[in-house]
Amino acid sequence: MLLRTVRQNRWYKADAAPFLEKDDVPADSVNDLITTGNLLSVWILTDDRSNLERVVRAVAVGRSHIDNAGYVVFDSTAVENAGIEMLENIGESPDAEANAWHRDLSLSGNKMVALAKAILRDGESGQVLKVRMRELVDEGVQQGHLPADVQKKFQKK
Amino acid sequence: MSASTNPPEGTLRADKWNRIHTGAGTLMARIVLGAAMAATGPDGFLSPLGRRRNDQIIAESSTLAHEANPYLVQEIRKLFEQGAHEFFQDGVESNFSRKLLAILRHYGREAFQAIAEYLSSESTQPDVTSEALRWVADYNDKSTFNNRWNILHSSLYSSSPRVRDGAILGFAAIDDPRAIKLLREAKTSERIAELRVLIDHVVMQLERHR
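Below: a short report on this structure. None of these values were measured; they are calculated from a predicted model.

Criteria and thresholds
Residues numbered from 1 in each chain as written. Chains lettered and ligands numbered in written order. Predicted model: local features only at pLDDT ≥ 70, side-chain atom pairs only at ≥ 80, totals over all residues. Heavy atoms only, no water. Helix = DSSP H or I, 4+ residues; strand = E, 2+ residues; numbered from the N terminus. Buried < 20%, exposed > 50% of the residue type's maximum accessible area, 1.4 Å probe, protein only. Contact = heavy atoms within 4.5 Å. Core = buried A, V, L, I, M, F, W, Y, C linked by side-chain atoms within 4.5 Å. Axes fitted to C-alpha atoms, helices over the stretch in contact; angles between N-to-C directions. Parallel < 35°, antiparallel > 145°, perpendicular 65-115°, else oblique. Left-handed = near helix turned anticlockwise from the far one by under 90°. Buried area = accessible area lost by both parts, 1.4 Å probe. Salt bridge = Lys/Arg side-chain N within 4 Å of Asp/Glu carboxyl O. Nonpolar A, V, L, I, M, F, W, Y, C, P; charged D, E, K, R; others polar. Phe/Tyr/Trp six-rings, centres within 6.5 Å; stacked < 30°, edge-to-face > 60°. Lys NZ or Arg CZ within 6 Å of the ring centre and 35° of its normal. Lys, Arg positive; Asp, Glu negative; His and termini not counted. Polar contact = N/O pair within 3.5 Å; in protein donor to acceptor, adjacent residues only side chain to side chain. Pairing = 2+ DSSP bridges.

1. Let's talk about the overall build of chain B
- When helices and strands are tallied, chain B shows 11 helices and zero strands.
- Relative to its full complement of 210 residues, chain B shows a buried share of 51%.
- Restricting the contact set of chain B to residue pairs at least 6 apart, pairs at least 24 apart contribute 71%.

2. Description of the nonpolar core
- The biggest cluster of nonpolar side chains holds 51 residues, and the ones touching the most others in it are Leu100(B) and Leu183(B).
- Every element with two or more residues in this core is listed here: helix 4 (70-83), helix 5 (95-107), helix 6 (109-121), helix 7 (126-138), helix 8 (145-155), helix 9 (161-174), helix 10 (179-188) and helix 11 (193-207) of chain B.
- Contacts of Leu183(B), omitting those with residues within four sequence positions, involve Leu156(B), Ile168(B), Phe171(B), Ile199(B), Val202(B), Val203(B) and Leu206(B).
- Ranked by size, the runner-up nonpolar core spans 23 residues in total, among them Leu52(A), Val141(A), Leu146(A) and Val150(A).

3. A word on the packing of helix 1 (residues 13-21) of chain A against helix 5 (residues 109-122) of chain A
Residue and element names in this part refer to chain A.
- Running from N to C, helix 1 and helix 5 point in directions that differ by 125°, and their axes come no closer than 10 Å. Classed by the angle they form, the pair helix 1 and helix 5 counts as oblique. Our pair here, helix 1 against helix 5, has a crossing hand that is left-handed. Contacts from Lys13, Ala16 and Leu20 of helix 1 reach helix 5 at Lys117, Ile119, Leu120, Arg121 and Asp122.

4. Let's talk about the interface of chain A and chain B
- Chain A puts 28 residues into the contact, and the matching count from chain B is 30 residues.
- It is Arg7(A), Tyr12(A) and Leu129(A) that lose the most area in chain A upon contact with chain B, and together they represent 25% of the buried surface on that side.
- One can count seven salt bridges joining chain A with chain B.
- The salt bridge partner of Arg191(B) is Asp15(A), with a shortest N-O separation of 3.7 Å.
- Every element with two or more residues in the side of chain A that touches chain B is listed here: helix 1, helix 2 (27-31), strand 3 (69-74), strand 6 (124-128) and helix 6 (130-142) of chain A.
- Classifying every residue of the side of chain A that touches chain B by side-chain character gives eight nonpolar, nine polar and 11 charged.

5. Let's talk about the packing of aromatic side chains
- Applying the stated criterion across every chain, the model contains six aromatic pairs over all chains.
- Judged by centre distance (5.5 Å) and plane angle (55°), the ring pair of Phe112(B) and Tyr139(B) falls under tilted. Here Tyr139(B) lies in the loop between helix 7 and helix 8 and Phe112(B) lies in helix 6, a separation of 27 residues in the sequence.
- With 5.1 Å between their ring centres and 75° between their planes, Trp149(B) and Phe171(B) make a pair best called edge-to-face. Highlighted residues: Trp149(B) in helix 8 and Phe171(B) in helix 9, separated in sequence by 22 residues.
- Put simply, the rings of Phe80(B), Phe88(B), Phe96(B) and Tyr118(B) pair up and form one aromatic cluster.
- Cation over ring: Arg10(A) sits above Phe87(B), and NZ or CZ is 4.0 Å from the ring centre.

6. Focus on the side chain of Glu194(B)
- Locating Glu194(B) in the fold gives a position in helix 11.
- One buried charged side chain, Glu194(B), makes no salt bridge at all; its nearest oppositely charged neighbour is Lys13(A), positioned 6.0 Å away.
- In terms of polar contacts, Glu194(B) uses its side chain to reach the backbone amide nitrogen of Lys13(A), at 3.0 Å.
- Setting aside anything within four residues of it in sequence, one finds Glu194(B) in contact with Gln8(A), Trp11(A), Tyr12(A), Lys13(A) and Ser125(A).

7. A look at the sheet that holds strand 2 (residues 39-44) of chain A
Residue and element names in this part refer to chain A.
- Across the sheet, which stays open at both edges, the six strands sit in the order 4-5-2-1-3-6 with antiparallel pairing between neighbours. Strands at the two margins of the open sheet, each flanked by one partner only, are strand 4 (85-87) and strand 6. Here the strands of the sheet are splayed against their neighbours by 40° on average, with no regard to which way each runs.
- For strand 2 and strand 5 (residues 102-106), the ladder comprises five bridges, and the chain directions are antiparallel. Along strand 5, the bridge assignment pairs leucine 39 with serine 106.

The structure is reproduced here in structure tokens:
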């Protein structure tokens with residue numbers, strides 16, 4: 001399974017259904033798959049998904065403030081079926097161990113639409129709430145998964 | 001005046017309106033509100049003690065305070081319209097959020113009244129409203145608690161799922177167990193499966209305080 005952080009409210013299945021019926025996708029969902037150099041950052045989930053919160057936290061701590069963090073989860077077969085190449089590029093988050101789960105997907109415009117379609121059809125979405133994220137950051141620092149300065153950066157204003 | 005207390009750009013007319021509108025009606029409303037709060041204390045004023053429904057009490061208290069400043073409503077409208085050109089991401093500040101916070105800091109309760117007025121009277125861009133609700137909820141200020149609560153509560157029943165998402169997340173940010181009942185009620189009419197799951201998660205979070 002693969003995970004990509006998104007804003008969840010762009011990925012509701014009921015909203016996407018009229019588009020999927022016409023073999024199309026909502027532009028807002030595609031827009032949420034922001035690439036850099038045609039690469040889309042994704043993360044591998046373990047079979048039991050026990051690393052899900054850690055992966056979402058790894059992405060979230062790179063942002064400007066602690067917030068709710070949305071994500072989509074989808075099967076890696078969606079990537080294979082769309083002919084998308086997956087590159088073993090190690091992540092650059094403050095969680096060094098989590099970075100091993102990072103991958104990049106090499107996308108074209110058509111492949112991005114195919115991926116969005118597969119996620120909306122067969123994937124699922126969720127959010128880690130802000131209150132939980134704050135707990136995760138504290139735990140991460142206590143357990144040595146995150147550097148101490150991360151906690152300082154996110155001190156409640 | 002320090003930089004932090006400077007009015008946000010273009011809001012001077014709203015300040016002027018404030019100076020002019022300190023009439024008898026406003027004064028009377030403030031006296032009534034003050035007396036009610038003084039009689040029970042903020043906790044009693046808000047708490048569901050069986051006298052009246054909690055959400056009813058909160059709704060009445062903020063509408064009683066005074067009418068929204070029309071110039072501030074206009075500024076809020078402008079800000080929200082500008083926000084429609086932005087792409088919002090979780091955990092990332094935007095020009096919209098920075099300007100919104102500046103207005104909230106400068107005008108306090110009046111800004112929340114203007115936002116409530118704007119959201120209730122106009123067809124707004126769902127992405128911007130959803131983003132605004134997250135920031136409104138997160139504004140850590142006891143004196144505007146009722147205003148923020150009311151904005152979130154009415155947004156729970158928006159026709160836009162994205163706005164409802166912002167309202168549910170707003171209640172999660174406020175982290176007050178009194179929202180459990182409201183969220184459970186909203187869930188009964190929620191057609192988006194992901195939002196029903198989100199409500200369950202937020203309720204679980206809020207139940208930890210009980």
